[in-house]
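Descriptive analysis of the structure
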Amino acid sequence: LNDALFQSSNSYREPSLANQWLVSLANYQGKDRIEMINILNRTRVSLPGLNRADSQPISVSVSANGERLALVRQRADKTELLVYRRKLGTLQRIELTPKGIPRRVSLNSTGRVLAVQVSRQGRWDIEVIRLKG
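Below: a short report on this structure.

Cut-off values and rules
- Residues numbered from 1 in each chain as written.
- Predicted model: local features only at pLDDT ≥ 70, side-chain atom pairs only at ≥ 80, totals over all residues.
- Heavy atoms only, no water.
- Helix = DSSP H or I, 4+ residues; strand = E, 2+ residues; numbered from the N terminus.
- Rg over C-alpha atoms; globule rule 2.2 N^0.38 Å.
- Buried < 20%, exposed > 50% of the residue type's maximum accessible area, 1.4 Å probe, protein only.
- Contact = heavy atoms within 4.5 Å.
- Lys, Arg positive; Asp, Glu negative; His and termini not counted.
- Charge placed at Lys NZ, Arg CZ, Asp CG, Glu CD.
- Pairing = 2+ DSSP bridges.
- Axes fitted to C-alpha atoms, helices over the stretch in contact; angles between N-to-C directions.
- Core = buried A, V, L, I, M, F, W, Y, C linked by side-chain atoms within 4.5 Å.

**Some details on the overall build of the protein chain**
Assigned secondary structure in the protein chain consists of one helix and 11 strands. Computed over the C-alpha atoms, the radius of gyration of the protein chain is 14 Å, within 12% of the 14 Å expected from 2.2 N^0.38 for a compact globule of 133 residues. If you line up the protein chain on its principal axes, its C-alpha atoms span 45 × 30 × 25 Å. Per-residue burial for the protein chain yields a buried fraction of 44% across its 133 residues. Of the contacts made within the protein chain by residues no fewer than 6 positions apart, 35% connect residues no fewer than 24 positions apart. Positive and negative side-chain charges in the protein chain, numbering 22 and 11 respectively, have mean positions lying 5 Å apart.

Right under this line is the structure:
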């Protein structure tokens, strides 16, 4: 399985596995991007609108059915927490209150609750956020 899946990229990191889905950060020619693989049929899944030339993904997680991905990315001078809905191809920004800098994210199996590691005033916190919709 590994030979079939991991031959086209220089490196992979930050894996998240759920049922038949594997998402990770794949490095191609020095640039990270989010990649999703259906491990049952060993195919890469298209993620339109997710990977942007002007952003750098930091962390990613996938729901059990593969329909939602939670991610942290760096874009310009901001670090963003987002939820990607694969069927719709949409990104939803999740605001942190109080403000903080997200670092790592973990989505639960239903895709409705996420845990995020957040830096605030030099201290690391964990926030659990219930998503709407």
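**Thoughts on the sheet that holds strand 3 (residues 31-38)**
Pairing is antiparallel across the open sheet formed by four strands, whose spatial order is 1-2-3-4. Because the sheet does not close on itself, it has two edges, and the strands there are strand 1 (11-18) and strand 4 (43-45). Taking the axes of each pair of neighbouring strands and ignoring which way they run, one obtains an average angle of 35° across the sheet. Across eight bridges, strand 2 (residues 21-28) lies against strand 3 in antiparallel orientation. Each bridged residue has a counterpart across the sheet, and for Asn27 the counterpart in strand 3 is Asp32.

**A word on the pairing of strand 8 (residues 90-93)**
By the bridge criterion, four bridges tie strand 7 (residues 78-85) to strand 8 in an arrangement that is antiparallel. Bridging across to strand 8, Tyr84 finds its partner in Leu91. In this antiparallel pair of consecutive strands, strand 7 and strand 8, the connection spans four residues, and Gly89 shows a positive phi of 70°.

**Observations regarding the sheet that holds strand 7**
Taking strand neighbours across the sheet as the criterion, the four strands line up as 5-6-7-8 in an open arrangement whose pairing is antiparallel. With partners counted over all chains shown, the strands left at the sheet margins are strand 5 (55-62) and strand 8, one partner each. Across the sheet, the mean angle from the axis of one strand to that of its neighbour is 30°, orientation sign disregarded. Summarising the sheet, strand 6 (residues 68-75) and strand 7 pair through eight bridges and their orientation is antiparallel. When the bridges of strand 7 are listed, Arg75 appears paired with Lys78.

**A few points about the environment of Lys132**
Along the chain, Lys132 falls in the segment after strand 11 (123-130). Look at Lys132 and you get exposed, because its relative accessible area is 72%. Taking the C-alpha atoms as reference points, Lys132 and Val113, 19 residues apart in sequence, are found 9.1 Å from one another.

**Let's talk about the nonpolar core**
Note that soluble globular proteins tend to have their nonpolar side chains buried in a common cluster. Residues Ile34, Met36 and Leu69 are the most contacted members of the largest nonpolar core, which totals 15 residues. Contributing elements (two or more residues each) for this core: strand 2, strand 3, strand 5, strand 6 and strand 7. Among the elements that make up this core, the one with the highest residue count is strand 2 (three residues). Apart from residues lying up to four places away in sequence, Met36 is in contact with Trp21, Leu22, Val23, Thr43, Arg44, Val45, Leu47, Val62, Gly66, Leu69 and Arg86. Within the second largest apolar cluster, 14 residues are counted, among which are Val83, Val105, Leu114 and Val118.

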